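Each chain is listed here by its residues.
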Amino acid sequence: MPRWKPDARRRLVVAALGLFAEQGYDDTTVAQISERAGLTRSTFFRHFADKREILTAGQEVLSRLLAEGIADAPADASPMTAVAAGLERASGEMTSFNRDLGPLLRAAIEANEELRNREALKSIGMAAAMVDALRRRGVAEPTAQVAAELGVLAFKLGYARWADPARDEDPGELAPHTRAAFEELRAAAAQLH
């Protein structure tokens, strides 16, 4: 096998998710993932500690983008407006590659309890990043927590709509989907009192 090929990380993710969907997460080995990607096992381990890490590979980047968007929101922005800015920043970085992986990722996670637990931890990490960014803006803890949780829910809902393979039309960019989901959740929250 060649020692170096471009886009190794991306190719490993695609190979792994394809194998997880075909034969299940538990029955897929690092060797199989590496072989399907046309790479060596050592290349796999340069990018990922283990096969579980493939499913949370973008979590750090996503959390950072959400926090950056909140930090860059205007100084007078409300907590909800700041979270909306975080969603815009993170959504703007998602490409058709991310959308195309959605169904494979969802199938792998739904078929394995360990992966469902890791997905829950990913959501907690996203919320924690937003809470920290909001607190740095001077937002009180309970308000920051509620705003962040709504942001996580909006991102997940918007992403699910965007990545839905049953869509007949081109879903376009992710941002309009997360924006619409966030507005729906804000309206729903306003009706709670």
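Everything here concerns the structure above.
Rules used in this analysis
Residues numbered from 1 in each chain as written. Predicted model: local features only at pLDDT ≥ 70, side-chain atom pairs only at ≥ 80, totals over all residues. Heavy atoms only, no water. Helix = DSSP H or I, 4+ residues; strand = E, 2+ residues; numbered from the N terminus. Rg over C-alpha atoms; globule rule 2.2 N^0.38 Å. Buried < 20%, exposed > 50% of the residue type's maximum accessible area, 1.4 Å probe, protein only. Polar contact = N/O pair within 3.5 Å; in protein donor to acceptor, adjacent residues only side chain to side chain. Contact = heavy atoms within 4.5 Å. Salt bridge = Lys/Arg side-chain N within 4 Å of Asp/Glu carboxyl O. Expected span 1.5 Å × (residues − 1).

Novice: What am I meant to see in the overall build of the protein chain here?
Specialist: Tallying secondary structure elements over the protein chain gives 9 helices and 0 strands in all. Taken from N to C terminus, the helices and strands of the protein chain fall in the order α-α-α-α-α-α-α-α-α. Here the protein chain has a C-alpha radius of gyration of 18 Å; the compact-globule value for 193 residues is 16 Å, and the two agree. The buried share of the protein chain, reckoned over its 193 residues, is 41%.

Novice: What exactly am I supposed to notice about the environment of Ala21 here?
Specialist: Mapping Ala21 onto the fold places it in helix α1 (residues 8-23). Overall, Ala21 belongs to the partly exposed group, its relative accessible area being 40%. C-alpha of Ala21 to C-alpha of Ala107: the two residues are 86 residues apart in sequence and 6.3 Å apart in space.

Novice: Looking at this model, I keep getting lost on the side chain of Thr28. Mind explaining?
Specialist: Considering the arrangement of structural elements, one finds Thr28 in the loop between α1 and α2 (30-37). Classification of Thr28 by relative accessible area gives buried; the value is 2%. Reaching out from Thr28, the side chain makes a polar contact with the side chain of Gln23 at a distance of 3.2 Å. Non-local contacts of Thr28, meaning those with residues more than four positions away in its chain, are made with Leu19, Phe20, Gln23, Ile33 and Lys51.

Novice: I keep staring at the pattern of salt bridges and nothing clicks. Help me out?
Specialist: When charged atoms on two side chains of opposite charge get close, those side chains can pair. Enumeration according to the criterion identifies 10 salt bridges in this entry. Where Arg179 meets Glu88, a salt bridge forms, and the shortest distance between an N and an O atom there is 2.6 Å. With Arg179 in helix α9 (residues 175-190) and Glu88 in helix α5 (residues 79-92), this pair connects stretches of sequence that are 91 residues apart. Here Arg161 ties to Glu184 by a salt bridge, and the two come within 2.9 Å at their closest N and O atoms. With Arg161 in helix α8 (residues 141-163) and Glu184 in helix α9, this pair connects stretches of sequence that are 23 residues apart. Its relative accessible area of 29% is what places Arg161 among the partly exposed residues. Residue Glu184 is classed as partly exposed on the basis of its relative accessible area of 41%. It is possible to trace a salt-bridge network through shared partners that takes in Arg64, Glu68, Asp72 and Arg89.

Novice: Help me understand the side chain of Ser123 in this model?
Specialist: Here Ser123 shows up in helix α7 (residues 113-136). Setting aside residues up to four positions removed in sequence, Ser123 forms contacts with Val152 and Lys156.

Novice: Can you help me understand α5 in this one?
Specialist: Counting along an α-helix, one turn takes 3.6 residues, and residues three or four places apart therefore face a common direction. Taking 1.5 Å per residue, 14 residues should reach 20 Å; α5 reaches 20 Å between its end C-alpha atoms and fits that length. Within α5 the residues assigned to the buried category are Met80, Ala82, Val83, Gly86, Leu87, Ala90 and Ser91. In the core, the buried residues of α5 are packed alongside α4 (59-72), α7, α8 and α9.

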